[in-house]
Amino acid sequence: MIADMEDKDIYILGIESSCDETAAAVVKNGREVLSNVIYSQISTHTLYGGVVPEIASRKHIEKIDQVVNEALRQAGLKVKELSAIGVTYGPGLVGPLLVGVSFAKAYSFASGVPLVAVNHIEGHIYANFIENKELEPPFMCLIVSGGHTHLVNMKDYGEYEILGRTMDDAAGESFDKVARAIGLGYPGGPKIDNEAKQGDPESIIFPRAKVAGNEYAFSFSGLKSSVLNYLNSCRMNSTPVNKADVAASFQAAVVDVLADNAMKGAESCGAKRFALAGGVASNSALRLRLEQECKKRGMEFYVPSPILCTDNGAMIACAAYYEFKKGKIAGLDLNAVPALKLGTEL
Ligand code: KG4
Ligand code: ZN
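Residues numbered from 1 in each chain as written. Chains lettered and ligands numbered in written order. Predicted model: local features only at pLDDT ≥ 70, side-chain atom pairs only at ≥ 80, totals over all residues. Heavy atoms only, no water.

1. Examining the overall build of the protein
Next, step 1: Across its full length, the protein carries 11 helices and 11 strands.
Next, step 2: Taking 20 Å as the expected radius of gyration for a compact globule of 346 residues, we find that the protein reaches 20 Å, a close match to that expectation.
Next, step 3: Projected onto the principal axes, the alpha-carbon positions of the protein cover approximately 70 × 45 × 30 Å.
Next, step 4: Counting over 346 residues, the protein shows a buried share of 56%.
Next, step 5: Pairs at least 24 apart in sequence give 73% of the contacts found in the protein among residues at least 6 apart.
Next, step 6: Working note: accessible area of the protein is about 14500 Å², and carbon and sulfur atoms make up 52% of it. (Helix = DSSP H or I, 4+ residues; strand = E, 2+ residues; numbered from the N terminus. Rg over C-alpha atoms; globule rule 2.2 N^0.38 Å. Buried < 20%, exposed > 50% of the residue type's maximum accessible area, 1.4 Å probe, protein only. Contact = heavy atoms within 4.5 Å. Areas by Shrake-Rupley, 256 points an atom, 1.4 Å probe, with all protein chains shown as cover.)

2. Observations concerning the packing of helix α5 (residues 171–181) against helix α8 (residues 243–269)
Next, step 1: Look at α5 against α8: their axes get within 11 Å of each other, and the N-to-C directions meet at 170°. As the angle between them shows, α5 and α8 are arranged roughly antiparallel. Of the residues in α8, those touching α5 at A171, S174, F175 and V178 are F250, Q251, V254 and L258.
Next, step 2: Of the residues that constitute the contact of α5 with α8, the class distribution is six nonpolar, two polar and no charged. (Axes fitted to C-alpha atoms, helices over the stretch in contact; angles between N-to-C directions. Parallel < 35°, antiparallel > 145°, perpendicular 65-115°, else oblique. Nonpolar A, V, L, I, M, F, W, Y, C, P; charged D, E, K, R; others polar.)

3. Observations regarding the coordination of the zinc ion (ligand 2)
Next, step 1: Only H120 (NE2), H124 (NE2) and D311 (OD) from the protein reach the zinc ion (ligand 2) as donors, at distances of 2.0 to 2.1 Å.
Next, step 2: Donor residues for the zinc ion (ligand 2) sit on one chain with the sequence pattern H-x3-H-x186-D. Residue H120 and its partner H124 are both found in helix α4 (residues 120–131); the two are separated by four residues, about one turn of the helix. In this pair, the class of H120 matches that of H124, namely buried. (Donors = N, O, S within 2.8 Å, 3.2 Å for Na, K, Ca; no water.)

4. Observations concerning the layout of surface pockets
Empty space left among the atoms is revealed by rolling a probe the size of a water molecule over them.
Next, step 1: Approximately 990 Å³ is the volume attributed to the largest pocket.
Next, step 2: Lining of the largest pocket is provided by 36 residues; of these, S145, G146, G147, D176 and Y186 occupy positions nearest its centre.
Next, step 3: Breaking the lining of the largest pocket down by element, the ones donating at least two residues are α4, α5 and α6 (188–196).
Next, step 4: When we break the lining of the largest pocket down by domain, the ones giving at least three residues each are domain 1 (11–127 + 309–345) and domain 2 (138–302). (1 Å grid on protein atoms, 1.4 Å probe; cavity = no way out; pocket = protein on both sides within 12 Å on 5 of 7 lines; lining within 4 Å. Points joined across faces, edges and corners; volume = space filled by probe spheres on them. Domains from an automatic or database assignment.)

5. Structural notes on the domain arrangement of the protein
Next, step 1: Taken domain by domain, the protein comprises domain 1 (11–127 + 309–345) and domain 2 (138–302).
Next, step 2: Each of domain 1 and domain 2 has a C-alpha centre, and these two points are 27 Å apart.
Next, step 3: Contact residues are listed per partner, giving 21 residues for domain 1 and 23 residues for domain 2.
Next, step 4: With both chains or domains summed, domain 1 and domain 2 bury close to 1900 Å², and 64% of this area falls on carbon and sulfur atoms. (Buried area = accessible area lost by both parts, 1.4 Å probe.)

6. Looking at α8
Because each turn of an α-helix spans 3.6 residues, side chains separated by three or four positions end up pointing in the same direction.
Next, step 1: Taking 1.5 Å as the rise per residue, α8 with 27 residues should run 39 Å; its terminal C-alpha atoms sit 39 Å apart, in good agreement.
Next, step 2: Counting buried residues along α8, 21 of its 27 residues qualify, which places the element largely inside the surrounding structure.
Next, step 3: Just downstream of α8, G270 is the residue with a positive phi angle, here 65°. (Expected span 1.5 Å × (residues − 1).)

7. What about the packing of aromatic side chains?
Next, step 1: In the structure shown here, the tally under the stated rule is 13 aromatic pairs.
Next, step 2: Seen from their ring centres, Y126 and F129 are 5.1 Å apart, and the 80° between their planes marks the pair as edge-to-face. Here Y126 and its partner F129 are both found in helix α4, three residues apart, which amounts to about one turn of the helix. For the pair shown, Y126 and F129 are each scored as buried.
Next, step 3: A ring pair is formed by F175 and F250, whose centres lie 5.2 Å apart and whose planes are at 80°; its orientation type is edge-to-face. Within this pair, whereas F175 is found in helix α5, its partner F250 is found in helix α8, the two being separated by 75 residues in sequence. As far as the burial class goes, F175 and F250 line up, both buried. (Phe/Tyr/Trp six-rings, centres within 6.5 Å; stacked < 30°, edge-to-face > 60°.)

8. Considering the state of the cysteines
Next, step 1: Taken as a whole and assessed by the stated rule, the structure comprises zero disulfides.
Next, step 2: Its sulfur unpaired, C294 is 11 Å from the next cysteine sulfur, which belongs to C141. (Disulfide = S-S within 2.5 Å.)

9. Regarding empty space enclosed by the protein
Next, step 1: Tallying each qualifying case throughout the model produces one cavity of 30 Å³ or more.
Next, step 2: Looking at side-chain class alone, the lining of the largest cavity contains four nonpolar, two polar and two charged residues.

The structure is reproduced here in structure tokens:
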């Protein structure tokens, strides 16, 4: 613990640029958001049907200065008044990560404000602390995003035991691929979520994959292939495709697998609290299902507001706060680590 920290307010600037959001936020004492600025590149990448890493890097370079200045302006703080600068250094796309890391290092060097390195997946988990001041580890957490699907037992701040993760596609990735296949466009998650509201989730039975040898692990590539096969056979038989039914049935399969494994994991650890995190945590069917499953088991259920589920700087600042309190300051030799892992595998 850094001296004098107990009685001083701690202001952390969080910078996030691991994928297609350029984001910065200022958070006071770990859980109070003073500003949260997100510049989304979605409209650019939509033209290509997915994130183009080179274009993402260039957009981050164009926007990062503006986004950080705006976050400081909204918080009413000058850079010298910050206690630390937290930055995502992995996992993610190497070019986009390097923009945030280089910017944060330059800012830290020029101002003398210490630098803190943050794991992006950890950031998603910490988004749950922002609106739930009473939440403390231990709890079970399901992180579902465009790049990750992890079932994690968070034992303490910075201490994670991974029960299961995806063996192939991430949950969000499967939403994006299936949305593209049924012609809903990018990003697929919110589009499928909406379309599914008009469809019947029981109209098409898609597989609920189990992974041999780990009952908590996930696999979504077979489900994606099954949707593609269904669409092909409709085309070959000249049967019209009901997009809403496909979306609802696909979503039901994803939600079933996520909820089943998550509840099994939570029960095996005797968890009293359960938190959902990551971009896919915005999914209305998943939120509802997990809330009901937790209620049945007498478990407290937590999920951030959608604006904190998507990639943002506030969750990075929150995670940086707990690292900073442990005295974990990064050197100016900090590098991007695109395949950065979280915790230890069970
Ligand atoms: O966490 P995030 O913003 O970025 C990564 O770290 O990957 O997650 C983005 C992912 C995308 O795959 C997007 O389609 C998915 O989250 N997503 C959703 C919803 N909103 C975003 N998936 C399902 N339902 C949603 N409502
Ligand atoms: Zn993310």
